[in-house]
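Spelled out, the chains give:
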Amino acid sequence: MIRRLAHVYRRQRKALVIIAGLYVVAATTEAAALVLIAPLIQAAAEGRVRYEGSLGPVELDVPLTTLAWFSGAMFVIALLVQALTLYASARLMTGFRLRAGLEIVNGYQQADWSSQAGERDGWLITLSSQNVDQAAAGLNAIANWMKGFTGVTVFLISALIVNWLATVLIIAVLSLLVLALRPVNKYGRRLGQEVAALNVEMNQELAVLTSNARELAVYDVVDTVGERYKQAARERRGITQRAQFTIGITAPVFRTCAALLIVFMIAVSAVRGDSEVAAVGVVAVLLYRSSNYGSVLVDVQQRLSQMSPLVEQLQ
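Parameters at a glance
- Residues numbered from 1 in each chain as written.
- Predicted model: local features only at pLDDT ≥ 70, side-chain atom pairs only at ≥ 80, totals over all residues.
- Heavy atoms only, no water.
- Helix = DSSP H or I, 4+ residues; strand = E, 2+ residues; numbered from the N terminus.
- Buried < 20%, exposed > 50% of the residue type's maximum accessible area, 1.4 Å probe, protein only.
- Contact = heavy atoms within 4.5 Å.
- Phe/Tyr/Trp six-rings, centres within 6.5 Å; stacked < 30°, edge-to-face > 60°.
- Core = buried A, V, L, I, M, F, W, Y, C linked by side-chain atoms within 4.5 Å.
- Expected span 1.5 Å × (residues − 1).
- Bend = angle between axes of the 7 residues up to and from the residue.
- pLDDT = per-residue confidence, 0-100.
- Salt bridge = Lys/Arg side-chain N within 4 Å of Asp/Glu carboxyl O.
- Patch = residues over 30% accessible without salt bridge, like charges linked within 9 Å, V, L, I, M, F, W, Y side chains within 5 Å.
- Areas by Shrake-Rupley, 256 points an atom, 1.4 Å probe, with all protein chains shown as cover.
- Axes fitted to C-alpha atoms, helices over the stretch in contact; angles between N-to-C directions.
- Parallel < 35°, antiparallel > 145°, perpendicular 65-115°, else oblique.
- Left-handed = near helix turned anticlockwise from the far one by under 90°.
- Nonpolar A, V, L, I, M, F, W, Y, C, P; charged D, E, K, R; others polar.

(A) View of the overall build of the protein. Counting secondary structure elements, the protein contains ten helices and two strands. Secondary structure elements in the protein, listed N-terminal to C-terminal, are α-α-β-β-α-α-α-α-α-α-α-α. Within the protein, the fraction of its 315 residues that count as buried is 41%. Long-range contacts, defined here as pairs at least 24 residues apart, represent 82% of the contacts in the protein between residues at least 6 apart.

Structure (structure tokens):
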């Protein structure tokens, strides 16, 4: 699906690559800041002014003030890069919406009369409004997918460096959870196809109501045609409701399972009397942050599954 949508957005690839690079910088600096927090908290809780210990393969012997300054600087850099990324994403999405809308109208104007006459009533309106908006939202979703993928990758690599065994076990369990959610993705795509078809049907009925108002009144069928529109609207409401619930529930399920796994890991470490408190804390923080990015991936996957039929119509 991602590959198919990437073809639709092929003219935006350069901008997407730049945004992906910014996400890498933001995630790396945030991970570095989080890695420094755990030893900082441990040393402060023990009443020391220096931290002496190891974080994975790295041996540290530095003052707490140095750790604090570096951690704070990394957070500030991450924030600045994220702000720049948000601006680039907004510029990309609004530019795509403008160009796609103009291309639809321009294509219709340049088409021959037989092609124009063969278009269904309301079809041009549907494409230039709802489909263009959904396609722009899909482009933004792909940018968020890159954000989630980058975040998961950077934070998992960081956690692997600190404690590879616990990280591998949690990755394995979460991978099984992602596979278990695949049928939900297929269901979401089917709902998206139904919504796309109903959008066209509603606009067709609306076009009939507005363009043939006099004839409908003469033959006394206004209520009949209006009821068809209302019925389509009611059907779309029910399907959209199920689609939104499907999108909304998957990310919290994934995030909750990840949090429970991390709590379990900390509990096991405490029972075993693990002396590397800072390392365990770093892994827990990194994995939890990674699970947040992972829930973004799950959420975006659902949204793209439901958007793709509308984007394919536009294409």
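(B) Broad picture of the packing of aromatic side chains. Applying the stated criterion to the full structure yields one aromatic pair. Between Trp145 and Phe149 the ring centres are 5.5 Å apart and the planes differ by 5°, which places this aromatic pair in the stacked class. Here Phe149 and Trp145 lie together in helix H5 (residues 123-162), a separation of four residues that amounts to about one turn. Judged by its relative accessible area of 24%, Trp145 falls in the partly exposed class.

(C) Representation of the nonpolar core within the structure. Of all hydrophobic cores here, the largest spans 26 residues; its most connected members are Tyr9, Leu16, Phe96, Ala135, Leu139, Met146 and Leu314. When residues of this core are assigned to their parent elements, the largest contribution, ten residues, is made by H5. Of all hydrophobic cores here, the second largest spans 25 residues; its members include Ala31, Ala38, Leu181 and Val282.

(D) View of H5. Look at H5: 56 Å from first C-alpha to last across 40 residues, which is about the 58 Å you get at 1.5 Å a residue. At Asn131, H5 is bent by approximately 35°, the largest bend along its length.

(E) Inspection of the confidence of the model for the protein at higher detail. Per-residue confidence for the protein gives a mean pLDDT of 77; residues scoring 70 or more make up 87%. When the elements of the protein are averaged for pLDDT, helix H1 (residues 2-8) gives the smallest value, 66, and helix H3 (residues 64-110) the largest, 84.

(F) Representation of the pattern of salt bridges within the structure. Applying the stated criterion to the full structure yields two salt bridges. One salt bridge connects Arg11 with Glu103, and the closest N-O pair in it is separated by 2.9 Å. A residue pair is termed long-range when its members are at least 10 positions apart, and Arg11 in the loop between H1 and helix H2 (13-45) and Glu103 in helix H3 qualify at 92 residues.

(G) Up close: the side chain of Thr150. Residue position: Thr150 is located in helix H5. On the basis of relative accessible area, Thr150 is assigned to the buried category, the value being 10%. Setting aside residues no more than four positions away along its own chain, Thr150 makes contact with Ala20, Tyr23, Val24 and Ala27.

(H) Spotlight on a nonpolar patch on the surface. Among the surface-exposed residues, Leu160, Trp164, Leu165, Val168 and Leu169 lie close enough to one another that they form a single nonpolar patch of about 500 Å² accessible area. Among the elements that line the nonpolar patch, the one with the most residues is helix H6 (residues 164-180), at four residues.

(I) Summary view of the packing of H3 against H5. Here H3 crosses H5 at 155°, and the two axes come no closer than 9 Å. Relative to H5, the element H3 lies roughly antiparallel. Crossing geometry of H3 relative to H5 is assigned as right-handed. Of the residues in H5, those in contact with Ser89, Leu92, Met93, Phe96, Arg97, Ala100, Gly101, Ile104 and Tyr108 of H3 are Leu124, Leu127, Ser128, Val132, Asp133, Ala135, Ala136, Ala137, Leu139, Asn140 and Ala143. Of the residues in the contact of H3 with H5, the class split is 14 nonpolar, four polar and two charged.

(J) Spatial organisation of the environment of Met93. Mapping Met93 onto the fold places it in helix H3. Expressed as a C-alpha distance, the spacing of Met93 and Ala141, which sit 48 residues apart in the sequence, is 9.9 Å. Apart from the residues within four sequence positions on either side, Met93 is in contact with Ala136, Ala137, Leu139 and Asn140.

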